[in-house]
Amino acid sequence: MPKPRSGLFVAFEGGEGAGKSTQVELLAKALAEQGFEVVTTFEPGDTEVGRQLRHILLGHQTGVIDPRTETLLYAADRAEHVAAVVRPALERGAVCITDRYIDSSIAYQGAGRVLEPDEIEHLSRWASGELWPDLTIVLDIDPAVGLTRFDTPADRLEAEPLAFHQRVREHFLSLATATPDRYLVVDATSSVDAVASAVFEAVHGRLS
Ligand code: TYD
């Protein structure tokens, strides 16, 4: 049985080029200024095992992987991430902010690769020991815009066609619509400051 926890678990989700990493940093800084212990992390790859999985998952040297293999590798990264980083942070009472989590698997491997989203969710439930974010922030952007926002070469997932990224976007939005009390959807084309203050308000509201 998973141990009880006391911190706050926040996940950022969204398509490519939505500005998640900038917003994770801004939120962490704002919360730290208010005296909260904050742990920022990401998937895939924020553990020793995860770094090796990330190399396989995102590197072009890997070539085509069967979608089920890909799903299992993301789930393995998640199991290690939760055990080594997220759960310990929450047990200390910290605010743990992750750049991507379960919904990325449901959207990318489920809707993107066209596997059964419920099966992906089931696998991630098992991998994480049923650890769900208290709040998921979806930074929403049209992939036709998001995919132009890079200054680095596209990785294995980014290089998928526009229709793949459109399915991913729609699925993030449908997850948010299904349980609106656990989500905040923000228009990622708004200014950095406007996104940051909407995010801060939602997270701070859950801490007071
Ligand atoms: P990354 O370079 O970490 O950056 P960003 O989050 O800014 O896109 O890319 C991670 C990639 O992995 C991204 O294309 C989404 C994909 N991904 C999945 O397909 N499934 C998952 O479960 C996770 C966590 C990520």
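Computed from a prediction, not measured in an experiment: that's the story for all the values here.

This part takes up the packing of aromatic side chains. Counted under the stated rule, the structure contains three aromatic pairs. Note on F9 and Y101: the rings are 5.0 Å apart at their centroids and 80 degrees apart in plane angle, and the pair reads as edge-to-face. Here Y101 lies in the loop between β3 (95-99) and α4 (102-112) and F9 lies in strand β1 (residues 8-14), a separation of 92 residues in the sequence. Between Y108 and F164, the aromatic rings sit 6.1 Å apart at their centres with planes inclined by 55 degrees, giving tilted as the arrangement. With Y108 in helix α4 and F164 in helix α7 (residues 162-178), the pair connects residues that are 56 residues apart, well separated along the chain.

Turning our eyes to something else, we now look at the site of the ligand. Not every one of the 16 residues close to the ligand is listed here, only the nearest: E16, K20, R100, S105 and Q109. In the environment of the ligand, an oxygen atom lies 2.8 Å from a nitrogen or oxygen atom belonging to the side chain of E16. At 2.6 Å from an oxygen atom of the ligand is found a side-chain nitrogen or oxygen belonging to R100. Protein chains shield 88% of the accessible area of the ligand, which is 540 Å² for the free molecule. Breaking the shell around the ligand down by element, the ones donating at least two residues are α2 (48-58), α3 (67-91) and α4.

Analysis parameters
- Residues numbered from 1 in each chain as written.
- Predicted model: local features only at pLDDT ≥ 70, side-chain atom pairs only at ≥ 80, totals over all residues.
- Heavy atoms only, no water.
- Phe/Tyr/Trp six-rings, centres within 6.5 Å; stacked < 30°, edge-to-face > 60°.
- Helix = DSSP H or I, 4+ residues; strand = E, 2+ residues; numbered from the N terminus.
- Near = heavy atom within 4 Å.
- Polar contact = N/O pair within 3.5 Å; in protein donor to acceptor, adjacent residues only side chain to side chain.
- Areas by Shrake-Rupley, 256 points an atom, 1.4 Å probe, with all protein chains shown as cover.

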